[in-house]
Amino acid sequence: MDRRGLLRAAAALPLLRIAWPAPAFAQAYPARNITMIVPFPAGGQADLAARPVAMALERILGKPVIVDNRAGGGGGSVGNAAAARAEPDGYTLLMTLSSLAVLPEADRLFDRPAAYEVSQFMPIARVLADPTLLAVPASAPWKTAQDFVDDAKRRPGQIPYGSSGPYGTLHVAMEMFASSAGIKLLHVPFRGAGPALTAILSGTVQAIAAAPGTLKPQVDDGKLRVLGNCGAQRIASFPDLPTFQELGYKDVEFYIWAGLFAQSALPAPIATRLREAVAQVMASPDVLKVFETSGSLVAYQDAPAFAQFVAADSARLIAAVKKIGKVE
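A quick note: this is a predicted structure, and the numbers were derived from the prediction, not measured.

Helix and strand content of the protein chain: 12 helices and 11 strands. Relative to the compact-globule value of 20 Å for 328 residues, the protein chain shows a C-alpha radius of gyration of 20 Å, a close match. With the principal axes as the frame, the protein chain shows a C-alpha extent of 65 × 45 × 30 Å. Within the protein chain, buried positions represent 57% of all 328 residues. For the protein chain, restricting intrachain contacts to residue pairs at least 6 apart in sequence, the fraction spanning at least 24 positions comes to 77%. For the protein chain, the accessible area works out to roughly 13400 Å², and carbon and sulfur atoms hold 55% of it.

Structure representation (structure tokens):
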């Protein structure tokens, strides 16, 4: 959606109030600080999405919105579960990634209780939706994706790559590519994309699949090189970077989206207030500029469209996880 479309959407959303007579508690919302859980360390895509949104929400709602980086559990499960268990009162929100639907399925693969279920959440809005990019150190010998694939075939299981944790977005994206290319890599999980990025910059791992906004500063500084784009189309921040589908890997399509959620039992008037506020945030020129500068363009969707998107994307990712199978 372009900026004009965002402004039209923001203007239209307040009309939704008519559907739900707001009781006194909703009219007073928010009466205190709001916590926005990010289930990853600072420096990754969820954190990149959360901080500009939280700052803008503070101005609109009139109360502090505190970003709480609550990493752990692999792929964000600890923070996701904490948000699922919180009171459905609008004071605990979750800014999370596409791994939200994947992690419960991973628990079931290992016959363990799921830490949470997607049904416990109410989508509020999608913020970003970027394709993951394959990046390697600028000093690495691979100049193209084909160079990388050829070397991996010569040395199966020997090229280490970093991820945000088992079955997290970075892990699933890389395994999707490896499966399509017929190669085997060495998975090295970390507690989030930020630590995984630190690992590739320090030489601990030799590859990573991450969002453009996470990678662009390092590519611009000459520290990393990007080899391929997991999206169906090329992107403005890396216009010369080919998609994997262009390179012949037709099964590779992966997007690392970031979206805001609340609990499924959240009262409708509070949900409406949050949707209105986020629509204003995502139409703000200041916020749009922050994301544009980072290399991650806004991909705003209001709750109904976002819910449909999550359902379709999750089905594809769950199928990919089942194909990956058990990974300790």
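This next bit is on the nonpolar core. One recurring pattern in soluble globular proteins is that nonpolar side chains are buried together. Of all hydrophobic cores here, the largest spans 109 residues; its most connected members are Phe148 and Phe177. Discounting chain neighbours no more than four positions away, the residues touching phenylalanine 148 are Leu134, Val136, Trp142, Ile159, Phe177, Ile183, Leu185, Ala207 and Leu227.

Glancing now at the packing of aromatic side chains. Taken as a whole and assessed by the stated rule, the structure comprises 13 aromatic pairs. Judged by centre distance (5.3 Å) and plane angle (65°), the ring pair of tyrosine 29 and tyrosine 91 falls under edge-to-face. Here tyrosine 29, found in the loop between α2 (24-27) and β1 (34-38), pairs with tyrosine 91, found in the loop between α4 (77-85) and β3 (92-97); they are 62 residues apart in sequence, far enough to count as distant. Tyrosine 91 shares its class with tyrosine 29; the two are buried. Seen in terms of ring centroids, phenylalanine 177 and tyrosine 249 are 5.7 Å apart; in terms of plane orientation they differ by 85°. Their pairing is edge-to-face. Taken together, the positions of phenylalanine 177 in helix α7 (residues 169-181) and tyrosine 249 in the loop between β9 (224-229) and β10 (255-263) put the pair 72 residues apart, joining distant regions of the chain. Here tyrosine 249 falls in the buried class, since its relative accessible area comes to 10%. Taken together, the ring pairs connect Tyr116, Phe121, Trp257, Phe261, Phe306 and Phe309 into an aromatic cluster. Positioned over the ring face of tyrosine 91 is arginine 32, at 3.8 Å from the centre of the ring.

In this section: unusual backbone geometry. In most cases, non-glycine residues show a negative phi, while peptide bonds are predominantly trans. The peptide bond linking tyrosine 29 to proline 30 adopts the cis configuration, its omega dihedral lying at -5°. Summarising the element assignment, proline 30 is placed in the loop between α2 and β1. Phi at aspartate 111 is positive, roughly 55°, even though this residue is not glycine. With respect to the secondary-structure elements, aspartate 111 resides in the loop between α5 (102-109) and β4 (121-131). Unlike most non-glycine residues, tyrosine 167 shows phi in positive territory, near 70°. Here tyrosine 167 lies in the loop between β6 (160-163) and α7.

A word on the packing of helix α3 (residues 45-61) against helix α10 (residues 268-282). At a minimum axis distance of 9 Å, the contact between α3 and α10 shows a crossing angle of 115°. Regarding α3 and α10, the two cross each other, and that crossing is right-handed. Only Arg273, Leu274, Ala277, Val278, Gln280, Val281 and Met282 of α10 make contact with α3, whose side of the interface consists of Val53, Ala56, Leu57, Ile60 and Leu61. Of the residues contributing to the contact of α3 with α10, the split by class is 10 nonpolar, 1 polar and 1 charged.

Moving on, we get to the packing of α5 against helix α12 (residues 303-324). With their axes 9 Å apart at the nearest point, α5 and α12 run at an angle of 30° to one another. In terms of orientation, α5 lies roughly parallel with respect to α12. Our pair here, α5 against α12, has a crossing hand that is right-handed. Across from Val102, Glu105 and Leu109 in α5, the residues of α12 making contact are Leu317, Ile318, Val321 and Lys322. Its residues assigned to classes, the contact of α5 with α12 shows 5 nonpolar, no polar and 2 charged.

In this section: the sheet that holds strand β11 (residues 298-302). Strand order in this open sheet of 6 strands is β2-β1-β3-β10-β4-β11, and the pairing throughout is mixed. At either margin of the open sheet sits one strand with a lone partner, and together these are β2 (65-69) and β11. Each neighbouring strand pair of the sheet contributes to a mean axis angle of 20°, computed without reference to strand direction. Bridge analysis of β1 against β3 gives 3 bridges, and the strand direction is parallel. Residue methionine 36 lies in a different strand from β3, and its bridge partner there is leucine 93. Each of β1, β3, β4 and β10 is contacted by α4, which is oriented at about 150° to β3, the strand it contacts most.

Quick look at the sheet that holds strand β7 (residues 186-189) now. Strand pairing in a sheet is mediated by backbone hydrogen bonds. Such pairs are either parallel or antiparallel. Spatially, β7-β6-β8-β5-β9 is the arrangement adopted by the 5 strands of the open sheet, whose pairing is mixed. The open sheet terminates on both sides in strands that have one partner only, identified here as β7 and β9. Shown here is a sheet whose adjacent strand axes are inclined to one another by a mean of 30°, direction ignored. With 3 bridges joining them, strand β5 (residues 133-137) and strand β8 (residues 207-210) adopt antiparallel strand pairing.

Rules behind the numbers
- Sequence order sets the numbering: in each chain, residues are counted from 1 along the sequence as written.
- In keeping with the model being predicted, local features are shown solely for residues with a pLDDT of at least 70 and side-chain atom pairs are shown and tallied solely at 80 or more, while totals for entire chains, interfaces and linings include all residues.
- Think of the side-chain values as coming from all heavy atoms in the structure, minus any hydrogens and water.
- Each helix corresponds to a stretch of at least 4 residues labelled H or I by DSSP, and each strand to a stretch of at least 2 residues labelled E; elements are numbered beginning at the N terminus.
- Radius of gyration: over C-alpha atoms. The globule rule applied is 2.2 Å multiplied by the number of residues raised to the 0.38 power.
- Throughout, exposure labels follow a simple rule: accessible area from a 1.4 Å probe, protein chains only, divided by the maximum for the residue type, with under 20% read as buried, over 50% as exposed, and the rest as partly exposed.
- Two residues form a contact once any of their heavy atoms are found within 4.5 Å.
- Exposure was quantified through the Shrake-Rupley algorithm and a 1.4 Å probe, taking into account, for residues, occlusion by the shown protein chains and nothing else.
- Residues enter a nonpolar core if they are buried and are Ala, Val, Leu, Ile, Met, Phe, Trp, Tyr or Cys, with the set joined through side-chain atoms within 4.5 Å.
- Pairing of aromatic rings covers Phe, Tyr and Trp, the last through its six-membered ring, and needs centres within 6.5 Å; plane angles under 30 degrees mean stacked, over 60 mean edge-to-face, and all others mean tilted.
- Criterion for a charge above a ring: Lys NZ or Arg CZ within 6 Å of the ring centre, and within 35 degrees of the ring normal.
- Every axis corresponds to a line fitted to the C-alpha atoms, with the helix fit spanning only the stretch in contact, and the corresponding angles, defined between N-to-C directions, vary from 0 to 180 degrees.
- The sense of a crossing depends on the near helix, which, turned anticlockwise from the far helix by less than a right angle, makes the crossing left-handed and, turned clockwise, makes it right-handed.
- Throughout, the ten residues Ala, Val, Leu, Ile, Met, Phe, Trp, Tyr, Cys and Pro are labelled nonpolar, Asp, Glu, Lys and Arg are labelled charged, and all others, Gly among them, are labelled polar.
- Any angle from 65 to 115 degrees is called roughly perpendicular, while one under 35 is roughly parallel, one over 145 is roughly antiparallel, and all others are oblique.
- The rule for pairing is simple: two strands pair if DSSP sees at least two bridges between them.

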